[in-house]
Amino acid sequence: EVQFDEWIRRFSTEPTTSVNLAMPSLFTEYNVQRTSAIKIDTQEPRVVSVNTTKRNGNYATVGEQIDVVVHYDYPVSIFRPDAASVQISVPLIELNVDSVDNVPRYAYYHSGNGTKALSFVYTIQAGDNVDDLAYKAEGVQYSTGLLAGSTALKTRFGANEGYIYRAATNLIQEANISLPMIGPGSIGKAFGEQVQIAINTTVNGQDEGIHWQPSDKFPRVLSVSAVTADGTYGAGHAIDLLVRFSENVTVPDSSGHLNDAGVVTEHFGGGFPYIVMDVGTSKPRYAKYVDDKVDTSLYNHSLVFRYIIQEGDTSADLNYKCTCEDLVSTTYIEMNNSAIIGAVPDTHHAIQDLAIDSANGAVVVFASDEIVVSAAFYDFLVTGDAVVYSDGGGTAIGGLTDSTTYYGIKTGTANTIQLAATYSNAVAAPAVVVTLSGVGVGATHSLINKRSPHRMRNKADYTLPSPVDSTKENLAKNANIVVDTAPPVILSMTSSHLDGTYGVGESIYIDVTFSRPVTVSGFPRIAVGTQDGCHAYYKSGNTTSALRFEYKVDSKDSFAMSDLSHAGRTTSLDLNGGWIKLTSQNPTTDAVLTLPVTGKPNSLGYEKDIVIDTEVPYVVSGSVVKKVASSISSVRNSDTKSSYLPLYQTIDITAEHRNATDGRFKILYNDLETTCIDYNATAQTVEAALIATNLIDVHVYSYELGGYTTNDGTPDYQGMFGRRHMIEFLTPFTGVSEIAVSFAGCESFVCHNSTYFGECSADSKPSIVVNRDIAVYPGVFDVKMSFSHKVQVAGEPFLEFETGNHDAKAKYAPASVQYVDVGVDASSQLTAGQFQVSYGKFKTGCIDFDAASTL
């Protein structure tokens, strides 16, 4: 339909053609009913129920939030005519909380605009108390269960406006804000009937003077920290969490929970509370309750929960997981069919006398100022002799056993407490009735320690400090525990031994560094060298990150390694029936045993230059290394005399051929000469010729250079003849010159064989010369024997010398030559430093490391 000057025309530059306004027939293909499904419903939105996403339970922490969710049957929206002027979040719901300041408590609108569920949030304040949280019931009740007139749900609060409308493009239809009826005749949709939430922020067990008075307040969690020290922990470690409450608490066993009248009102299945841990895995990880700590303990008012780290767990700063199952992201201690209940501490009561009264049984005498609370439990510890109670006629009516705890309850106005062995029997079947006043008749036989009321009354507030808020007293804030279950890996290998060559009997340490501390079981080993059977076995380092292996070079290792290393394989570390795991209280994570590649950085062969040589050492050479006195060789001059007389002078007699049979020579000295001496004369003959010349004090030593005799002393008539005469002037004096040899006036050398007899030819004559190249060392001298390898000495080996007519031995004297090695086991050059040498009771001054000449 178009009216007045309205029109619909075909589109053009200047529209003139009117459009046919006939609509498609009803129920035809193109009718709106066939092309869409639109329902028109103008029903007023109504509240169908009110509940919360919080768990049922007791709440006692100031600042804790509880959400109230109002469910409508249609989506609703919040309309604020003057949103800029709204200073508090309306709409709001007035709650039935008793406040210490008598100011009403409200749950303020939080979220849900455009949905069927509007969420409101109430923040607990100090002094708030309510046994069953609900909204305030106001107005007149309809039979339908709705409230008429005023309602706890308010859309206007002072100048603040926030109306609830049915959700639409244009908000024109207001929603009904009446809440479900509370109390008799309700239909179970009210907040207080949907949930069971109690609030009390008063501290439990108010201390009145010296006596504890029980109250009905709820213990609450103050903080979560850790008994375990800060640090990094791996799989198998136990992490103990310390949950501190506002008062002492306990976890009752499966016997149940007694109310103030001593009646079991709730049984538990004997489960354990636990806390869900946040350790980066989809598998659930729990810290399970393991212990409660009494008031006198270091862990006052606390429970301990233990989390065992599992493979795959990880956390840079350990915390529990936010269960976040409700609107305000609450995290709870999970009860798991158990409970945490407040318990008044044992204190403030002295030992009392227990006397036998023949008429009334046992009597407990209390101090005059003792406050005995009605409907409260007590426990009594009996000490001393067992007590048997009897009536006036002597018939036994009951008894208490020594060192046994009995439980009792005072009920009503009766001035007695009935004792029993268990809580559950304290009322039903008392063993003994204890009178609370009056002094009994008879002697005192035993003592009872009356302790303060042991009332497992109210369940605790199980809410934990938010783990996602760094300002809250959560585990991450109060402890610094890192969970890292990554397996240890090998970082490097080295040895504490200096670079050098080592042989049979040497022990060489191989140090393997892991990325994390490891625990070792058994004797793992590392294959070394290229031959099978050579291993370095684990020696030390358990629970540290550095393990030491020992390789003992054995004679059966008949090979040489120019560079000690593992056997060329990165898998050369063999567990040998043992194991190497990440250190923890219960080691479970295997270490990765891949060794660095041989010859690459961090491998043993790269870091050290250790040579293994098992060849048997042999003597390479022998040499004199120390002269006490030296002989002086001088050229003989017949016209002059030497200014020095050597103590030893030597004449060498050699014959290349065995043909020589005769021939003589003279010895000249100081212009004197001996008689002619046979060329093959003995030392005694030569000595006698010298003495006969001028009675000089002389001694001659001779030894064979080869020839007439073999090693066993038998004649040898083949080969060269040689003899050396060493002439020692025992009492040298001025004027004795060096000796010389002369043939003048002596019989010529004669040679003969099977075909010749006569004077020896030039090449057959014996050679007789003074050997001035022989170094003769009188006194003491050292001989150094050089071996092919380093050697060690046990006992006193000796060298045997061929010294002519006398046997001579050189004893092993390790102290005669001592060495000081100055070096550094590092990769950088030594540039400065000093050392001292001590011997006997003496010590040198400081010597520069590179100034050996000053030693």
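Coordinates for the structure precede this section.
Fair warning: this is a prediction, and the values are worked out from it, not measured in the lab. (Residues numbered from 1 in each chain as written. Predicted model: local features only at pLDDT ≥ 70, side-chain atom pairs only at ≥ 80, totals over all residues. Heavy atoms only, no water.)

### Observations regarding the side chain of R166
Mapping R166 onto the fold places it in strand 13 (residues 163-166). By relative accessible area, which is 15% here, R166 ends up buried. Engagement of the side chain of R166 in a polar contact is seen with the backbone oxygen of Q43, the distance being 2.8 Å. Each residue touching R166, except ones within four places of it in the same chain, is listed here: D41, T42, Q43, P45, Y74, P75, V76, L171, Q173 and A175. (Helix = DSSP H or I, 4+ residues; strand = E, 2+ residues; numbered from the N terminus. Buried < 20%, exposed > 50% of the residue type's maximum accessible area, 1.4 Å probe, protein only. Polar contact = N/O pair within 3.5 Å; in protein donor to acceptor, adjacent residues only side chain to side chain. Contact = heavy atoms within 4.5 Å.)

### Focus on the sheet that holds strand 40 (residues 481-484)
Taken together, three strands build an open sheet; the order of strands is 18-40-26 and the sheet is mixed. What marks the edges here is a single partner per strand, and that holds for strand 18 (231-233) and strand 26 (314-315). (Pairing = 2+ DSSP bridges.)

### What about a negative patch on the surface?
A contiguous patch of negative charge, built from D98, D131, D132 and E193, is present on the exposed surface. The residue D98 is located in the loop between strand 4 (92-94) and strand 5 (106-111) in this model. (Patch = residues over 30% accessible without salt bridge, like charges linked within 9 Å, V, L, I, M, F, W, Y side chains within 5 Å. Areas by Shrake-Rupley, 256 points an atom, 1.4 Å probe, with all protein chains shown as cover. Salt bridge = Lys/Arg side-chain N within 4 Å of Asp/Glu carboxyl O. Lys, Arg positive; Asp, Glu negative; His and termini not counted. Charge placed at Lys NZ, Arg CZ, Asp CG, Glu CD.)

### Focus on the pairing of strand 6 (residues 115-123)
As paired strands, strand 3 (residues 65-79) and strand 6 are joined by eight bridges and run antiparallel to one another. Its bridge partner being in strand 6, V70 is matched across the sheet by L118. Strand direction decides the pairing type here: strand 5 and strand 6, joined by three bridges, are antiparallel. When the sheet's bridge partners are listed, Y108 is paired in strand 6 with V121. Here strand 5 folds back onto strand 6 in antiparallel fashion, the turn holding three residues, of which G112 has a positive phi close to 115°.

### Topic: the nonpolar core
Among the nonpolar cores identified, the biggest contains 65 residues, and I93, L133, I275, M277, F305, I333 and I340 are the most heavily contacted of them. Element by element, the count of residues in this core is highest for strand 3, at six residues. Once residues lying within four places of it in the same chain are set aside, the contact partners of I275 are L241, V243, R285, Y286, A287, F305, Y320, I333 and L464. Ranked by size, the runner-up nonpolar core spans 27 residues in total, among them I490, A536, F549 and V553. (Core = buried A, V, L, I, M, F, W, Y, C linked by side-chain atoms within 4.5 Å.)

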